[in-house]
Amino acid sequence: MTQQLAAAATLSAGTSTGEAVQFWVLGTIAVIGALCTVFMKRAVHSALCLAGTMIILAVFYLANGAYFLGIVQIVVYTGAIMMLFLFVVMLVGVTAADSLKETIKGQRWLALLCGLGFGILLIAGIGNASLTEFNGLGTANAGGNVEGLAALIFTDYVFAFELTGALLITAAVGAMVLTHRERTERAKTQRELAEQRVREGKHLPPLPAPGVYARHNAVDVPGLLPDGTTSELTVSKTLRDRGQIRDVSTQALNDLKALEQRAEDRLERTNSGAGGNGRNGGDSGEAAQ
């Protein structure tokens, strides 16, 4: 134990000031982002905090010479998976009330137990790590960072790698099974759907896009008809039921009234001007006679 502490002290003494500043600044931000991921009430904010934490982890990888892991962390996890989570959350519209609703009884205690077990394993792994022997980045990346990483994955850690792959495949299959809906009747063709709309007297052509004749083209802004009133066909029924529709018809009607008033004023001035010119022309003709 004394040798390990002495080796740790020697390693910390060889750390430069820039590395120490980088570690403490970025490490503090990473811990704050991780805590915000857990304690934020909105799922979108939690996803953004998690993405920031992953970016800081990628910076740590790059600073330690693990260039392949750093790029993978940014491209795959932060750029692909987290953005997919964020877009899905924003599309579905998960609220704080939905996230606090427990659908499976006992899942919070099970999650707490799993987190406690993971913490114990993490502490045990760090405690059993050898601090007396270091190969160094030069030795680890002698044949290249990717080659060295591949050699470790497929030799010393092949079981953990295969187990992780099996867990990911199981998660993917489970997500497909949970989202699969068994069809109890034959799906209707496009012709049958068109004939059904004709019989029911529904809107036959495609629905208009949101924001038509409006100042915005967002999905939560209903389109305006030529008379300035809103059309409910231009927005999703889900947004209408949630009450997440912005009404811009009042401003549009006011602008339309102002435009009509300016047009009337302009036409009145034009008519009065034309009538005045005619009278002046008649007076000139009488004077000439």
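Residues numbered from 1 in each chain as written. Predicted model: local features only at pLDDT ≥ 70, side-chain atom pairs only at ≥ 80, totals over all residues. Heavy atoms only, no water.

**Digging into the side chain of Gln73**
Inference 1: Mapped onto the secondary structure, Gln73 falls in helix 4 (residues 67-92).
Inference 2: For Gln73, a relative accessible area of 10% corresponds to the buried category.
Inference 3: A polar side-chain atom of Gln73 sits 3.5 Å from the main-chain carbonyl oxygen of Met54.
Inference 4: In this structure Gln73 touches Met54, Leu57, Ala58, Tyr61 and Thr78, once residues within four positions along its chain are discounted. (Helix = DSSP H or I, 4+ residues; strand = E, 2+ residues; numbered from the N terminus. Buried < 20%, exposed > 50% of the residue type's maximum accessible area, 1.4 Å probe, protein only. Polar contact = N/O pair within 3.5 Å; in protein donor to acceptor, adjacent residues only side chain to side chain. Contact = heavy atoms within 4.5 Å.)

**Remarks on the confidence of the model for the protein chain**
Inference 1: Across the protein chain, the average pLDDT comes to 75, with 71% of residues at 70 or higher.
Inference 2: Mean pLDDT across the secondary structure elements of the protein chain bottoms out at helix 5 (residues 96-99), with 50, and peaks at helix 2 (residues 17-39), with 89.
Inference 3: pLDDT under 50 marks residues 278-289. Its contacts with residues more than four places away, or in other chains, come to zero contacts. (pLDDT = per-residue confidence, 0-100.)

**A few points about the packing of helix 2 against helix 3 (residues 43-63)**
Inference 1: One can describe the packing of helix 2 onto helix 3 by two numbers: an axis separation of 8 Å at closest approach and a directional angle of 155 degrees. Here helix 3 runs roughly antiparallel to helix 2, going by the angle between their axes. Handedness of the helix 2/helix 3 crossing: left-handed. On helix 3, the residues touching Gln22, Phe23, Leu26, Gly27, Ile29, Ala30, Gly33, Ala34, Cys36 and Thr37 of helix 2 are Ser46, Cys49, Leu50, Thr53, Ile56, Val59, Phe60 and Ala63. (Axes fitted to C-alpha atoms, helices over the stretch in contact; angles between N-to-C directions. Parallel < 35°, antiparallel > 145°, perpendicular 65-115°, else oblique. Left-handed = near helix turned anticlockwise from the far one by under 90°.)

**A short note on helix 2**
Inference 1: The terminal C-alpha atoms of helix 2, which comprises 23 residues, lie 33 Å apart, in line with the 33 Å expected from a rise of 1.5 Å per residue.
Inference 2: Of all the residues in helix 2, the buried ones are Gly27, Ala30, Gly33 and Thr37.
Inference 3: Residues of helix 2 that are buried in the fold lie against helix 3. (Expected span 1.5 Å × (residues − 1).)

**Brief notes about a nonpolar patch on the surface**
Inference 1: On the surface, a cluster of nonpolar side chains totalling about 690 Å² of accessible area is made up of Ile71, Ile74, Val75, Val76, Tyr77, Ile81, Leu84 and Phe85.
Inference 2: Positionally, Leu84 belongs in helix 4. (Patch = residues over 30% accessible without salt bridge, like charges linked within 9 Å, V, L, I, M, F, W, Y side chains within 5 Å. Areas by Shrake-Rupley, 256 points an atom, 1.4 Å probe, with all protein chains shown as cover. Salt bridge = Lys/Arg side-chain N within 4 Å of Asp/Glu carboxyl O.)

**Some points on helix 6 (residues 107-128)**
Inference 1: Taking 1.5 Å per residue, 22 residues should reach 32 Å; helix 6 reaches 31 Å between its end C-alpha atoms and fits that length.
Inference 2: Counting buried residues along helix 6, only zero of its 22 residues qualify, which leaves the element largely exposed.

**Re the packing of aromatic side chains**
Note on aromatic pairs: each is described by the distance of the centres and the angle between the planes.
Inference 1: What the rule picks out here adds up to three aromatic pairs.
Inference 2: Summarising the aromatic geometry, the rings of Phe23 and Trp24 are spaced 5.3 Å apart at their centres and angled 75 degrees between planes, so their arrangement reads as edge-to-face.
Inference 3: Looking at Phe23, the relative accessible area reads 46%, which means it is partly exposed.
Inference 4: Relative to Phe161, the ring of Phe154 has its centre 5.5 Å away and its plane inclined at 65 degrees; by these criteria the two rings are edge-to-face.
Inference 5: Through a chain of ring-to-ring contacts, three or more aromatic side chains come together here, namely Phe23, Trp24 and Phe60. (Phe/Tyr/Trp six-rings, centres within 6.5 Å; stacked < 30°, edge-to-face > 60°.)

**Quick notes on the nonpolar core**
Inference 1: Of all hydrophobic cores here, the largest spans five residues; its members are Ala47, Ala51, Met54, Met82 and Leu86.
Inference 2: Contributions of two or more residues to this core are made by helix 3 and helix 4.
Inference 3: Per element, the largest residue contribution to this core is three residues, and it comes from helix 3.
Inference 4: When residues no more than four places from it in sequence are discounted, the contact partners of Ala47 are Met82 and Leu86. (Core = buried A, V, L, I, M, F, W, Y, C linked by side-chain atoms within 4.5 Å.)

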